[in-house]
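# Structure assessment
Listed below are the residues making up each chain.
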Amino acid sequence: MGQYTATQRKNVRILLVGDAGVGKTSLILSLVSEEYPEEVPPRAEEITIPANVTPEQVPTSIVDFSAVEQTEEALAAEINKAHVVCIVYAVDDDDSLDRITSHWLPLVRAKCNPSLDGEGDAEAEAEGDTQCESVRKPIVLVGNKIDLIDYSTMDSVLAIMEDYPEIESCVECSAKTLHNISEMFYYAQKAVLHPTSPLYMMEEQELTSACKKSLVRIFKICDIDGDNLLNDYELNLFQRRCFNTPLQPQILDEVKVVIQKNVPDGIYNDAVTLKGFLFLHCLFIQRGRNETTWAVLRRFGYNDQLEMCQEYLRPPLKIPPGSSTELSHRGQQFLIAVFERYDRDGDGALSPEEHKMLFSTCPAAPWSYSTDIRKSCPINETTGWVTLHGWLCRWTLMTLIDVVKTTEYLAYLGFNVHENDSQLAAIHVTRERRIDLAKRQSSRSVYKCHVIGPKGSGKTGMCRGFLVEDMHKLIGKEFKTNVVHCINSVQVYGQEKHLILRDIDVRHALDPLQPQEVNCDVACLVFDSSNPRSFEYVARIYIKYYAESKIPVMIVGTKCDMDERRQDYLMQPAEFCEKYKLLPPHLFSLKTNKKELYTKLATMAAFPRFQAAWILFYKHRLVQLWESAHLRQFGLMTEDPKLWWKAGLGVAAATMLGFIVLKTISAAGAHSR
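Presented here is a report on the structure given in the accompanying data block. Everything numeric in this text was worked out from a predicted model, so none of it was measured. (Residues numbered from 1 in each chain as written. Predicted model: local features only at pLDDT ≥ 70, side-chain atom pairs only at ≥ 80, totals over all residues. Heavy atoms only, no water.)

To continue, consider the environment of valine 446. With respect to the helices and strands, the residue valine 446 is situated in strand S15 (residues 446-454). Using a relative accessible area of 3% as the deciding quantity, one classes valine 446 as buried. A C-alpha to C-alpha distance of 9.2 Å links valine 446 and alanine 606, two positions 160 residues apart in sequence. In contact with valine 446, other than residues within four places in its own chain, are Glu326, Thr396, Leu400, His498, Ile500 and Asp521. (Helix = DSSP H or I, 4+ residues; strand = E, 2+ residues; numbered from the N terminus. Buried < 20%, exposed > 50% of the residue type's maximum accessible area, 1.4 Å probe, protein only. Contact = heavy atoms within 4.5 Å.)

Here we come to the nonpolar core. In this structure, Ile218, Phe300, Phe359, Trp391 and Trp395 are the most contacted members of the largest nonpolar core, which totals 72 residues. If one sorts the elements of this core by residue count, helix H11 (residues 274-286) sits on top with eight residues. If we ignore the near neighbours within four places in the chain, the residues touching tryptophan 395 are Leu327, Leu335, Phe359, Trp367, Thr406, Tyr409, Leu410 and Leu413. The next biggest cluster of nonpolar side chains, apart from the first, holds 31 residues, and it includes Cys463, Leu467, Phe588 and Phe607. (Core = buried A, V, L, I, M, F, W, Y, C linked by side-chain atoms within 4.5 Å.)

Further remarks concern the environment of proline 42. Looking at the element boundaries, proline 42 is found in the loop between helix H1 (24-33) and strand S2 (47-49). Counting along the chain gives 18 residues from proline 42 to lysine 24, while the straight-line C-alpha distance between them is 9.7 Å. Discounting residues that sit within four places of it in the chain, proline 42 has contacts with Thr25, Asp64, Ser66 and Glu69.

The next point concerns the pattern of salt bridges. Applying the stated rule across the entire model yields 21 salt bridges. With a closest N to O distance of 2.8 Å, arginine 99 and aspartate 19 form a salt bridge. Taken together, the residues span a long stretch of sequence, with arginine 99 in helix H3 (residues 94-111) and aspartate 19 in the loop between strand S1 (12-18) and H1 at a distance of 80 residues. Ionic pairing is found between aspartate 528 and lysine 559, a salt bridge with its closest N-O pair at 3.3 Å. One end of the pair, aspartate 528, is in strand S18 (residues 522-528); the other, lysine 559, is in the loop between strand S19 (553-558) and helix H24 (573-579), and 31 residues separate them in sequence. (Salt bridge = Lys/Arg side-chain N within 4 Å of Asp/Glu carboxyl O.)

Looking now at the sheet that holds strand S4 (residues 84-90). Strand order in the open sheet made by the six strands is S2-S3-S1-S4-S5-S6, with mixed pairing throughout. Because the sheet does not close on itself, it has two edges, and the strands there are S2 and strand S6 (167-172). Sheet twist, expressed as the average angle between the axes of neighbouring strands with direction ignored, equals 25°. Taken together, the three bridges between S2 and strand S3 (residues 60-64) define a ladder with antiparallel strand orientation. Considered in S3, the bridge of isoleucine 47 is made with isoleucine 62. Contacting S4, strand S5 (139-144) and S6, helix H6 (residues 154-163) runs over the sheet at an angle of about 170° to S6. (Pairing = 2+ DSSP bridges. Axes fitted to C-alpha atoms, helices over the stretch in contact; angles between N-to-C directions.)

By themselves these figures say nothing about function.
In structure tokens:
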């Protein structure tokens, strides 16, 4: 994969305009032929300079304009197509210099079109100057015929630059002596590839707010230890990541001296402060080294408008049908490091303020602290703050249900820079579900369980109970926040798995479910065992959506601490499960504070095809044991999850033994033949 850097423009188009006789055409011909042309046509043909002979390694087209041969409509079209406009004047002609402000600059402003699609100037004029003000065409002022005078016009030109911020640079040259010809076109290239105006305000002599905001984010990402300083180690990492070269100690010391001299609080404890960091980039720009700041910005994903590139935020990720997305080990390790960096008090939890600071490098937090993350994943039950375990759970949830958002926020937090790789390295795409079914076990570590049932059935309490150690605290609690997902980890045969419970309401038995509400790794159909009309809902849901599917299903009767009522349906829950070859209904209550239900659901998701064999074994063997006194001694009646696992392992071992015996018998038969 490799690191990603926002790319600059792949080509440059330069337009030369100016009064007749100022030498526009001569400049172009002198550049191409490297000698002054004795005969000059009214207009030079468009030329393209190959990338390998330009300083910035970008193919460059140079376009001439002649008022004699072209119309004003043609000029407007060329201005729209150009990436930069060079306004040429003759240094020995004051009138041509005056017309820069009286004619050419207003004309370019009026004709500019930010769409750059060459549709002409009608739309630009209709939009008015407001649109041109927001996206101005970069301009380079070129004083030609410097060989004819012994003075400079730079003072006059610099005064113009103060009034027109779109002017990127100015240069005096001579088409006859070839003086500064190459430099002139280099400045034009640079005005497009490394423009000043998005970074720096000439009038105020300081960085633009957008540039400052971007550099503050970069500073925070590079501040690995979170002390609001960049020490030598962090500065060296920054240098390597942006320029692929180490920062020599002598140069680093010289940089610190310059910062200290100009910004007294730019250095603290021999480390660079945020003020010092911003000053350094301001100094680069003032000295004409825009490319240095642009290299940093592009390395951190910014485009020419100082916005994060979509390619940087959302690298293409192929997810085959039936596959899912999880955090890779590298993704988890990065998120752990981010958590620990902002857990300033080291209490193993993020306070609201720490959580806010953590996402200060992002446009906004990806979730609400109070109404989302604290309600959807485990928290410190004393403070109500998000623990490291809960932090990883919430990212695991987002990665499964919205992996694009995960890649975006990993980029905002600096994964690309710290890991020197695309954030796709933080994502693991699982194998397709059909392969899991064929192999009778899942390779995934994150499973989605849809908890479906009528309103008031207790399914929300069941979901929230998954997040807390003591479910008694939830008894009688009214769940006001509309949090759809709850996530926590469980152990499935000694392996940690994440189980996501999605709470789905069914208001009426005939209400249709959408495909995204049906499809999951395991379905949990919930009814209120104390409500005689509750089971009908889940029975109809099962028959309509799951009876013919390969999705494992468990039926759960909640509020089992209350008097169990006979259900007003054709069959009672146990009979229904018997008929459709489902496990017997699991009885659940917050008052019992027992969590084996969640382990069962995760196990069913992890072994989807093995479930059918397990149920068959359960039906023909365990039901008989249930009626015997030996069952209690064996422990299958207990609610202890450890004993449930032992029983499950025993069943698995017995089934695998049967497979081995069958395979051995088949092999022996083949050998005898």
